[in-house]
Amino acid sequence: MPEKIALDDLTLADHELFHDRKGAPRPLPAPLAPLADTHGHLTSFRAHDPAMALVRAALAGVRLLVVPVDAVDDVPRRWGSAPELLDWIDEQVEVAREALAECAEEGFVPPAFDGWGAPELLDNVRIVAGVHPYGAEQLDDEAMARLRELLASPRCVGVGEFGLDLGPYSKVPREVQEDAFRRQLRLAHELDLPVQLHVRATAGDMLSNAYVDAARILRDEGVPERGCDLHCFTAGVQVMENFASLGCHIAFGGAATFTRSDDIREAAAFCAERRLLTETDSPYMAPVPLRGEECEPAMVAFSAACVADVRERASRGSREATYRALWENACALFGR
């Protein structure tokens, strides 16, 4: 790490964290409560430095980040062992801590949330561990052993992401995915942990296929007592209600801000307050007004504002109430 981290690297020269592709500043909405990114991939950035992404997240008001790690894709493909990956996460947090201290010397500090009792972000970086449906064929005994090792980490707060993917990029047979789904769900029951589900339907068929099968598996095996998060929600009201009725939380991210996402916004408006979550799924699906950029955890501020706005317009609660629910729900599901 260099002795001094240039603040320009954090895009703070004009006191703004983000700019669009033309260089215009895109101010973050002021958060009305601590923010939670319940699903942000620190391990998958192409352009961003992970430690600097943590700094920007802290400066944006994020106080909880849940990082999914994969016992097939991350270990051993990118890190040789589970301890190496966990050490790497520790290193990113410590680099970010030093950089954030430097920012404070220059007057750049995270927003205060007096009375909330929210921990600082760099003391609240958590993980969930699982095997994505793309890796379901590799979920052998060795991968399960690596998964258990990751789940034993003090940072770990859940099993995931796993589930069913019947989208155009998945080549894994459906029955193989279902077997991996059930095995990981049973592991969550055994370890008394919540789960994060990845469910992607066949294009244009949101009411059947993967969603119907995922709900069937949850009914068969039981939703873990500690809870379930349907991550990266991109469907409509009926799918939302089906999973909420099973006791699942629904996580809204950048897709909710897209121009053509009226169905997602309607689901966010009518989702029960106690089931709401926000996430980024960074580095994917950056929200408007930064769509097309590489997404990062700080951008959850835009998604949270979108959810709060659509719920207020639908007379489903004040913006303040939504912000409070988004934070408290995340803490209840993934807090330590």
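In this text, all values refer to a predicted model and were calculated from it rather than measured experimentally. (Residues numbered from 1 in each chain as written. Predicted model: local features only at pLDDT ≥ 70, side-chain atom pairs only at ≥ 80, totals over all residues. Heavy atoms only, no water.)

Peer 1: What is the right way to look at the pattern of salt bridges in this model?
Peer 2: A side chain with one charge may pair with a side chain of the opposite charge, provided their charged atoms come close. For the structure shown, the criterion picks out 23 salt bridges. Ionic pairing is found between E94 and R97, a salt bridge with its closest N-O pair at 3.5 Å. Separated by three residues within a single helix, E94 and R97 lie in helix α2 (residues 82–105), roughly one turn from each other. E94 sits in the partly exposed class, given a relative accessible area of 41%. (Salt bridge = Lys/Arg side-chain N within 4 Å of Asp/Glu carboxyl O. Helix = DSSP H or I, 4+ residues; strand = E, 2+ residues; numbered from the N terminus. Buried < 20%, exposed > 50% of the residue type's maximum accessible area, 1.4 Å probe, protein only.)

Peer 1: Could you clarify how one ought to interpret the UniProt feature "binding site: a divalent metal cation 2" (unreviewed entry) in the protein chain in this entry?
Peer 2: Mapped onto the present numbering, the UniProt feature "binding site: a divalent metal cation 2" (unreviewed entry) falls on H198 and H231. For this annotated set, covering 34 residues, all C-alpha atoms fall within 5.9 Å of each other, a compact arrangement in space. Its place among the elements puts H198 in strand β5 (residues 195–200). Once you skip the residues sitting within four places of it in the chain, H198 turns out to touch H132, P133, E161, F162, G163, L164, D165 and H231. (UniProt positions renumbered as here; feature names shortened; annotations may be inferred. Contact = heavy atoms within 4.5 Å.)

Peer 1: What should I look at first to understand the nonpolar core in this one?
Peer 2: For soluble globular proteins, nonpolar side chains are generally found buried alongside one another. In this structure, V55, L197, F233, F243 and F252 are the most contacted members of the largest nonpolar core, which totals 107 residues. In terms of residues, this core owes the most to one element, α2, which gives ten residues. Excluding residues within four positions of it along the chain, V55 makes contact with L10, A96, A99, L100 and C103. Core analysis: the second largest hydrophobic core is formed by twelve residues, L64, A118, L277 and F334 among them. (Core = buried A, V, L, I, M, F, W, Y, C linked by side-chain atoms within 4.5 Å.)

Peer 1: How should the environment of C295 be read in this particular structure?
Peer 2: Here C295 shows up in the loop between β8 (276–278) and α8 (300–313). Measuring from C-alpha to C-alpha, the distance between C295 and G254 comes to 8.7 Å, with 41 residues separating the pair along the chain.

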